[in-house]
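The residues making up each chain are set out below.
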Amino acid sequence: MENKVNIFGCFVAGPSFYHDDSEILKELGKKKGSEFREYIWGEKGISKILNELQSTKYGIDLKLILFQFHINPIPYLRVALKDIENYRKSEKSIGVSIIIDDNNFFNKNEELRFQFLACEIDKRIDLIENLVKKKKLDTDVKLLKKDFEIIRTKILHF
C-alpha cells in the first residue's frame, strides 16, 4: 500500500509582541491568532483542501512545501522573513513565508480573506517553480500548479 504524504503543510507563527506591549494589545493579538488558525485548520480551513494533493504525484525531489504563516510579525522579524527559503535536500522540503496582518487579512471580509490566501499560495508556487528549475529538481511544478488551480476553486467557494 502506497504511503500518502501531502505535498503542502501549514505552520502558523504568532502573533508576536514586544515585552512591554499592553495586556489589551496582547489579548487582541491572541484573538486574531485564534481567528486566523480557523482559516487554516477550522471547519472551512484550507489545510483540508490542500491535503488533497499528494507529493508522490509530482516527483521524488520535493516532498513538502511548508506554508509558514506569520501573524502580525513585529518589524524586525518581518524584515528577516524570506518569501522562500533554501531547498532542504535532506528533508526534501521548502519553506515559504506568508505574512498575515490587518491590511491584507484582518481588515477584509471572509471572501476576500480566502481570496488572499489562495492568491498568496499561488504566488509561492510560482517562486517554487523558479527554485525547482534553478536546483534542477525533478518536481513537476506545472502539474502541481494545474492541480492547485482545481482545488483553488474549493478555497474560494468556502
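Thresholds applied
- Every chain is numbered independently, its residues counted from 1 as its sequence is written.
- Only residues with pLDDT of at least 70 get local features here, since the model is predicted, and only at 80 or more are side-chain atom pairs given and counted; chain-wide, interface and lining totals rely on the full set of residues.
- Note that the side-chain values use all heavy atoms of the structure and ignore hydrogens as well as water.
- Whether a residue is buried, partly exposed or exposed follows from its accessible area with a 1.4 Å probe, protein chains only, as a fraction of its type maximum: under 20%, in between, or over 50%, in that order.
- Each helix is a run of H or I in the DSSP string that is no shorter than four residues. Each strand is a run of E no shorter than two, and both are numbered from the N terminus.
- Criterion used throughout: strands pair if DSSP finds at least two bridges between them.
- If you view a crossover with the strands going away from you and the path from the first strand over the helix to the second runs clockwise, you call it right-handed.
- Only buried residues count toward a nonpolar core. Its members are Ala, Val, Leu, Ile, Met, Phe, Trp, Tyr and Cys residues joined through side-chain atoms within 4.5 Å.
- Here an angle of 0 to 180 degrees is reported between the N-to-C directions of two axes, which are lines fitted to C-alpha atoms, with helices fitted over the stretch in contact.
- An angle below 35 degrees is read as roughly parallel, one above 145 as roughly antiparallel, one from 65 to 115 as roughly perpendicular, and any other as oblique.
- Residue contacts follow a heavy-atom distance rule, with two residues in contact if any of their heavy atoms lie within 4.5 Å.
- Each residue receives one of three labels: charged for Asp, Glu, Lys and Arg, nonpolar for Ala, Val, Leu, Ile, Met, Phe, Trp, Tyr, Cys and Pro, and polar for the others, Gly being one of them.
- A helix is expected to reach a length of 1.5 Å times the quantity of its residues less one.
- In the analysis that follows, any N or O atom pair within 3.5 Å is treated as a polar contact, provided that within protein one partner can donate a hydrogen and the other can accept it, and provided that, for residues neighboring in sequence, both atoms belong to side chains.
- Here, patches come from residues exposed beyond 30% relative accessible area and free of salt bridges, joined within 9 Å for like charges and within 5 Å for nonpolar side chains (Val, Leu, Ile, Met, Phe, Trp, Tyr).
- Values of accessible area rely on a 1.4 Å probe in the Shrake-Rupley scheme; residue burial ignores everything except the protein chains shown.
- The term salt bridge refers to a pairing of a side-chain nitrogen on Lys or Arg with a carboxyl oxygen on Asp or Glu at a separation within 4 Å.

**A short note on the pairing of strand β3 (residues 93-100)**
Among the eight residues of β3, seven are classified as buried, and the element is accordingly described as predominantly covered. Of the pairings in the sheet, the one linking strand β2 (residues 64-71) to β3 comprises eight bridges and is parallel in character. By the bridge assignment, F69 is partnered in β3 with I98. The parallel pair β2 and β3, bridged by helix α3 (residues 75-80), forms a crossover whose chirality is right-handed.

**Section: the nonpolar core**
Counting 39 residues, the largest nonpolar core has F8, F36, L50, F69 and I100 as its most contacted members. Of all the secondary structure elements, the ones that give two or more residues to this core are β1 (8-13), α1 (23-41), α2 (46-50), β2, β3, α4 (102-106), α5 (110-135) and α6 (141-156). In terms of residues, this core owes the most to one element, α5, which gives nine residues.

**Examining the packing of α5 against α6**
Axes are the key here: two packed helices are described by the angle between their axes and the distance separating the axes. Two elements in contact, α5 and α6, have axes whose closest approach is 10 Å; the angle formed by their N-to-C orientations is 175°. On the basis of the axis angle, α5 is roughly antiparallel to α6. Facing F114, Q115, A118, C119, I121, D122, I125, D126, E129 and V132 of α5, the residues of α6 in contact are V141, K142, K145, F148, E149, R152, I155 and L156. Tallied by class, residues from the contact of α5 with α6 come to ten nonpolar, one polar and seven charged.

**Some remarks on α5**
Residues lying three or four places apart along an α-helix face the same way, a consequence of the helix completing one turn every 3.6 residues. Between the first and last C-alpha of α5 there are 37 Å, a value that for 26 residues agrees with the 38 Å anticipated at 1.5 Å per step. For α5, the capping residue at the N-terminal end is N109, with a side-chain oxygen 3.1 Å from the backbone nitrogen of E111. One or two residues past the end of α5 sits K136, with phi positive at roughly 55°.

**Concerning a nonpolar patch on the surface**
On the surface, Y18, Y76, L77 and V79 cluster together to form a nonpolar patch covering roughly 430 Å² of accessible area. Tracing the backbone through its elements, the reader meets L77 in helix α3. Here L77 falls in the partly exposed class, since its relative accessible area comes to 34%.

**Notes on unusual backbone geometry**
Cis rather than trans, the peptide bond between G14 and P15 has omega equal to 10°. With respect to the secondary-structure elements, P15 resides in the loop between β1 and α1. Phi is positive for K92, which is not a glycine, with a value near 55°. With respect to the element layout, K92 can be found in the loop between α3 and β3. For K136, which is not a glycine, the phi torsion comes out positive at approximately 55°. Looking at the element boundaries, K136 is found in the loop between α5 and α6. Using a relative accessible area of 74% as the deciding quantity, one classes K136 as exposed.

**Considerations on the pairing of β2**
Taking burial as the measure, the eight residues of β2 include six buried ones, the bulk of the element. Bridge count between β1 and β2: six bridges; the pairing is parallel. Across the sheet, residue G9 finds its bridge partner in β2, namely L66.

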